[in-house]
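A structural walkthrough
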Amino acid sequence: MTWRGLSVLAALRDGPKLTRQIAADLGMSSANTRANLAPLAARGLVRSREGCHQLTREGLEVLAAGREVTSGPGMGKAVTHHRGTLRARAWRAMRIRDAFSLDDLMLLLCDGGEKDAAGNLGGYIRALAAAGYFAPMRRQHVGRHGERWRLTLAGNTGPEAPAWNKARGVVIDQNTGRTFAIGRRHFAARR
Amino acid sequence: MRFVKTENYVRFSQAAHAVEQRGAAEAGMMLVYGLPGSGKSHVVSNWATKVGALYLRANVDWTPRYFLVELAKVAGIDPYGPSSQLFSVLRDRLAGSLTPLVIDEAEFTLPNNAAVLEKIRDFSDRSEMTVVLVGMERIRSKVARYQQIFSRIAQVVEFKPASPVDVGHVCDELAEIEMTQALKLEVHRLSSGRMREVLNIIANIERIAETNGLKQVDVGQLEGTVLSYNWETCTPRTVRRSAKSTARAH
């Protein structure tokens, strides 16, 4: 795929268009155009329905600012848009269970094929705890990962897993649109 | 540490797959039942996190309205308005999404002539959602009284006590000390294959091993030790070096 994100946004400047109209304007194949549109939609810059695409408010802002748009990970939205990730499944498990520890989640979710599951999930739990999603349980498990938590009523914001962007030190909740700046220092993987 | 795929898990997965591939759209219900502590909720939760199922735990005071409100909350929909309107909104949002619905502790949907279960059945019919009901061993006969509901159940899975092989796998995966084959068989005997009891016994063995500085534990080191308690007969369950377990170990 040839990445032409900004050009695709510019092609939508005058209003909604069909995939084949964008492809014709930019001299691209329809497949390549769809491949460009998917990441833009995932980032909330383009709204797509039944082959018709239009800019969102964020898309207009990016276009007006002339900011380059990359095709890489989506600034903390990756968990929401990839529902099979370990963190997305962990969020579902947290909503199902009354209380949980890291060991509980690993025992429920991991199949042995994950890379550094304890580090990944442990960091995710601590990030969400720092953002105020959990309350600690007084009864702790014995063992390496004995800390137990429960998702609070206010923390159970909806079905989409909050995304933790470790590099930027933020948690973004797609259910509420809120962003929590939690910093980066405390979230190195503990094993 | 990871999820242990037991024989119950394999049978449940096969049944869930069969329900998803069903012929009649309205026969979209599945019943999972078994003794307490047999790992039903654990296995169904694992599946629910994989497929993104909506998961509800029924309560003793559930009513049809209460069910709709809880369903709306887990689906991220505002649970307001009259029941008929809420039902329509939920059906509109969830129909065709292929998102399954799990109802744990499903016994609590049966009071008042199964009013809540009728509402669930109605919702499943109209939205074509797959519904997994999870309950204790007697739920099967209780649900069978309601033929209009039972005829919608495409698959029934009974969770049986874990086999010695399953208990051995759990010991390998969970215990932070090494357990001999004979001790794993003894854990199976003491727990009667109930997973909840297996976890308690492993925790007890780990505590004893830590106190005594043991890296590997065998039946001989624990002979006569109380690792579990039978509350029905009020008798302790102690480790014993039986001929059977010793023979099977070899």
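Predicted model only: the values in this text are computed from it and were never measured. (Residues numbered from 1 in each chain as written. Chains lettered and ligands numbered in written order. Predicted model: local features only at pLDDT ≥ 70, side-chain atom pairs only at ≥ 80, totals over all residues. Heavy atoms only, no water.)

**Some details on the domain arrangement of chain A**
Domain annotation of chain A identifies domain 1 (5–65) and domain 2 (86–186). Once you take the C-alpha centre of each, domain 1 of chain A and domain 2 of chain A turn out to be 34 Å apart. (Domains from an automatic or database assignment.)

**Considerations on the pattern of salt bridges**
Counted according to the given criterion, the structure contains 10 salt bridges over all chains. A salt bridge links Asp25 of chain A to Lys17 of chain A, with the shortest nitrogen-to-oxygen separation between them at 2.7 Å. Residue classification places Lys17 of chain A among the buried positions, given a relative accessible area of 18%. Between Glu186 of chain B and Arg189 of chain B there is a salt bridge; the shortest N-O distance is 2.5 Å. A residue pair is termed a helical-turn pair when its members lie 3 or 4 positions apart in one helix, as Glu186 of chain B and Arg189 of chain B do in helix α9 (residues 181–191) at 3 residues. (Salt bridge = Lys/Arg side-chain N within 4 Å of Asp/Glu carboxyl O. Buried < 20%, exposed > 50% of the residue type's maximum accessible area, 1.4 Å probe, protein only. Helix = DSSP H or I, 4+ residues; strand = E, 2+ residues; numbered from the N terminus.)

**Quick notes on the nonpolar core**
All names here are of chain B. Membership of the largest hydrophobic core comes to 36 residues, with the highest contact counts inside it found for Phe67, Leu71, Leu90, Leu101, Ile103 and Leu117. Counting residues per element, the ones that place at least two in this core are β1 (29–34), β2 (54–57), α3 (64–75), α4 (83–94), β3 (101–104), α5 (111–127), β4 (131–135) and α6 (139–144). Among the elements that line this core, the one with the most residues is α3, at 7 residues. (Core = buried A, V, L, I, M, F, W, Y, C linked by side-chain atoms within 4.5 Å.)

**Structural notes on the interface of chain B and chain A**
Contact residues are listed per partner, giving 18 residues for chain B and 16 residues for chain A. With both sides pooled, the region where chain B packs onto chain A buries about 1600 Å², and carbon together with sulfur makes up 58% of that total. For chain B, the biggest contributors to the area lost against chain A are Met1, Arg2 and Thr49 of chain B; these three give 36% of the whole. The interface formed by chain B and chain A includes 1 salt bridge. One salt bridge in this structure joins Asp98 of chain A and Arg57 of chain B, with 3.5 Å as the shortest N-O distance. Where chain B packs against chain A, one counts 7 residue pairs in polar contact (both at pLDDT 80 or more). (Contact = heavy atoms within 4.5 Å. Buried area = accessible area lost by both parts, 1.4 Å probe. Polar contact = N/O pair within 3.5 Å; in protein donor to acceptor, adjacent residues only side chain to side chain.)

**A short note on the state of the cysteines**
Under the defined criterion, the tally for this structure stands at 0 disulfides over all chains. Residue Cys110 of chain A stays outside any disulfide, its sulfur separated by 20 Å from that of Cys171 of chain B, the closest cysteine. Classification of Cys110 of chain A as buried rests on a relative accessible area of 2%. Judged by its relative accessible area of 2%, Cys171 of chain B is buried. (Disulfide = S-S within 2.5 Å.)

**Here's the deal with a nonpolar patch on the surface**
Among the surface-exposed residues, Val226, Tyr229 and Trp231 of chain B lie close enough to one another that they form a single nonpolar patch of about 360 Å² accessible area. Relative to the elements of secondary structure, Val226 of chain B occurs in strand β8 (residues 226–230). (Patch = residues over 30% accessible without salt bridge, like charges linked within 9 Å, V, L, I, M, F, W, Y side chains within 5 Å. Areas by Shrake-Rupley, 256 points an atom, 1.4 Å probe, with all protein chains shown as cover.)

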